[in-house]
Every structure is written in structure tokens, then in C-alpha cells.
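Residue strings, one per chain:
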Amino acid sequence: MSDRGAVDGVARPGDVRAYAPGRVNLIGDHTDYMGGLVLPMAVDLGTTVTGRRGGHRLRLRSEGFDDVLDVGLPVTDPAAVTPGWGRYAAGVAAELGAESGLDGSVTSTVPAGGGLSSSAALEVAVALALGAELPAVELADLCRRAETAATGVPCGIMDQLCSAAGVEGHALLIDCATLDVTPVRVPDDAAVWVVDPGEPRALVGSAYAERRATCEAAALLVGPLPRADIAAIESLDDPVLRARARHVRTECDRVHGAAAALAAGDLERAGQLMVESHRSLATDFEVSTPGLDRAVEQLLAIDGVYGARLTGAGFGGNVVALARPDAEVPGRRVRPSAGARLR
Ligand code: GLA
């Protein structure tokens, strides 16, 4: 990708302040780990890590959590670190091979566990605070590996890359096979909302890993799913493999179509593709919940809403809606924002 994606990390001793945004995915879920297309945007909610570099410990307090992360460097087993929230930060320190420490605190406006990438925002902010000086793709991949090491969840790269490479006023079309990032302007007459139906997320880690494994099994039979032959997918014997593969294949087409529609200012079409995406995630991929389905239907009944869908891994979390700015959406409006930075 271009230099635009390079994250400006300047490792100096002394005080640091690193910020990384959360993201909302407009369309393209459960495609990144199969090398497919995604269209997330970094939002104006984010995580800030402030502190003083030095010493040989990573010590972070977090607003909202009582327990302090206090771990010696280098970190060798981030999954064993307590408290749980600190594993993401410890994972980043482990992947960086950090030996020089940080003593500071974490504040965040990204709701935890809502599918808005609070964990990716924390990882990217910690990496910058610890002095990572990497192009956005490498920073994101390091943070993705950190998350898997810390939690065991075999996540894709979308969340971390969006947080690292966000462009103000734009969503990012990411080809997760090549890691090419193409900013797509979000038109001024389009507003994006996130709506929390208030359902707790459950079983995300194991169900996520199971979905990924099923997709990988299907890809062994029909080739890389984003480009697989639809007829070959439809002739898979196993109905579960067939449905999961169909979702990934058709979702990539929808992302492509939605990026083109957004660029052309065709919000009706972009919204329609979001609705189709939700239905595919609900039926073929089976990661929706009754609460998410209800929230989508309620949003679609509101005047001025072009489309709505679950966003992120599913199994709970938030719904994203694309609407006219004057639509009366019962949620939080989010704005397409710049990516991570030291400041
Ligand atoms: C989570 C993962 C991402 C992606 C989404 C589903 O957010 O971290 O890599 O797979 O789920 O699209």
C-alpha cells in the first residue's frame, strides 16, 4: 500500500500518548481470514494509552477495570497474563519482543465487546506507545498475531488494519489476500450509526474458530472461497460447508458492489447490499441472534434508513445502519475517522 498507510511511530524515551480508533464494518464479515474483501471504517471512538517509557515492566491501569496489568519484559506467555484485558497489551509486547517498558494508563471510548474492535484499538495503541515504528500493514499484522497469542482466537486482519490505516471521511476497501487498502469516500449525505441491541455476546471465540475451520475445509475442496466457482460451491455434498462457503463467496461480491455504490453516491444500493449481507450472515453463516435480527428489521422500518446489518463477528454485539443524516436512528452516529497516531 502507499505511504499514506505508514503509521508515524517515533520511539523516544519519556512521555508518550498513543491513540487508535475502533472500527465499524460497513460490509464484509467473515471474509478477511479467507482472503476476501471487507469495507470497514475507522470511527471517532478510540483508545488512548498515555505513559512514560522506561524500565523493564509493562504496567498499565485501565479506567473501567480495577485490576492493573503489571508484567515483566520480555513477555513470553501472554495467554497466562492477568487481568484478562491486559492479555491484549501483553500479546503486543510479546510480539514486539519489547524489553523497554511503559508505565501508564488506558482510557477508551470504544464500548468493550460490542463488535467495534475495542481489542484492536487497544493493541494498536499499545504497540505505538511501546515504540513500534512500522508501516500500517505490518503494525496490523503484529497486532493480529498478538490477539491470537493472547486469546487463542484465530482472527483476521481487518480490525487492526482499519485501526492502523483509517482515513478521515473514508471507509477502507481492503483486499485481505493482497492487503491492498483503497479508501472509499463516504458521501456527505450518508450517515453511519451503530445500534446496540443490548444482548451479551456469547461463545465468540470457539464459534469463530469453528466457522473459520469450516471455511478452510470448504476451500480445500473448491479453492480460495472469494474466487471459487459458485457451481462448485453449490455442488458441495455437506450442507454446512456449502452454506458457509456460499456466504464468503457472495459476501465478497457484495463488498465489491457496496464499495462501488458508495463511491458513486448510490446509497440505496449500498444499503440494499448491507441487508443482503445480514441475511447471508444470519442464514448461511448462522452468526446472527434474534436480538440482532430484530434490531435490523426495526431499523429498516425507519424513514431514511438505507440498510442495516450486524457488524463484526456476530453472536451479539452491534448493528450498523446507513441512513440519511436526518433519519431518526436510535443509536450513536459515528464518523469516518483517521487511523492510529502518536501525539
Ligand atoms: C472479528 C475478527 C475480524 C473479522 C470479523 C468478522 O472482528 O477480529 O478479523 O473476522 O470478526 O468479519
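Model, not experiment: these values are computed from the prediction.

Enquirer: What is the right way to look at helix α8 (residues 267-283) in this model?
Expert: Three or four residues apart is the spacing at which side chains of an α-helix point the same way, because the helix has 3.6 residues per turn. Between its first and last C-alpha, α8 extends 24 Å over 17 residues, near the 24 Å set by a 1.5 Å rise per residue. Those residues of α8 that are buried lie in contact with β1 (14-27), α7 (239-263), α9 (290-300), β9 (305-310) and β10 (319-323).

Enquirer: Help me understand the sheet that holds strand β11 (residues 332-334), please; the structure alone is not making it clear to me.
Expert: Backbone-to-backbone hydrogen bonds join strands into a sheet, with any given pair of strands oriented parallel or antiparallel. Pairing within the open sheet is antiparallel, and its four strands lie in the order β9-β10-β8-β11. Each end of this open sheet is capped by a strand with a single partner; those strands are β9 and β11. Averaged over all neighbouring strand pairs, the angle between strand axes comes to 30 degrees, with direction disregarded. With three bridges joining them, strand β8 (residues 191-195) and β11 adopt antiparallel strand pairing. By the bridge assignment for β11, Val192 is matched with Val334. Of the strands in this sheet, β9 and β10 are in contact with α8, which crosses β9 at around 25 degrees.

Enquirer: What exactly am I supposed to notice about the domain arrangement of the protein chain here?
Expert: The figure often quoted for interface size is the accessible area lost as the parts come together. Looking at the assigned domains, one finds that the protein chain contains domain 1 (6-183) and domain 2 (186-334). Centre-to-centre separation of domain 1 and domain 2, based on C-alpha positions: 24 Å. Taken together, the contacts link 33 residues of domain 1 with 41 residues of domain 2. Summed over both partners, the interface of domain 1 with domain 2 buries about 2,900 Å², with 70% contributed by carbon and sulfur atoms. Inspection of the domain 1/domain 2 interface yields one salt bridge. Along the contact surface separating domain 1 from domain 2 lie 13 residue pairs in polar contact (both at pLDDT 80 or more). Looking at the side of domain 1 that touches domain 2, the elements that each hand over two or more residues are β1, β2 (37-53) and β6 (170-175).

Definitions and limits used
Residues numbered from 1 in each chain as written. Predicted model: local features only at pLDDT ≥ 70, side-chain atom pairs only at ≥ 80, totals over all residues. Heavy atoms only, no water. Helix = DSSP H or I, 4+ residues; strand = E, 2+ residues; numbered from the N terminus. Expected span 1.5 Å × (residues − 1). Contact = heavy atoms within 4.5 Å. Pairing = 2+ DSSP bridges. Axes fitted to C-alpha atoms, helices over the stretch in contact; angles between N-to-C directions. Domains from an automatic or database assignment. Buried area = accessible area lost by both parts, 1.4 Å probe. Salt bridge = Lys/Arg side-chain N within 4 Å of Asp/Glu carboxyl O. Polar contact = N/O pair within 3.5 Å; in protein donor to acceptor, adjacent residues only side chain to side chain.

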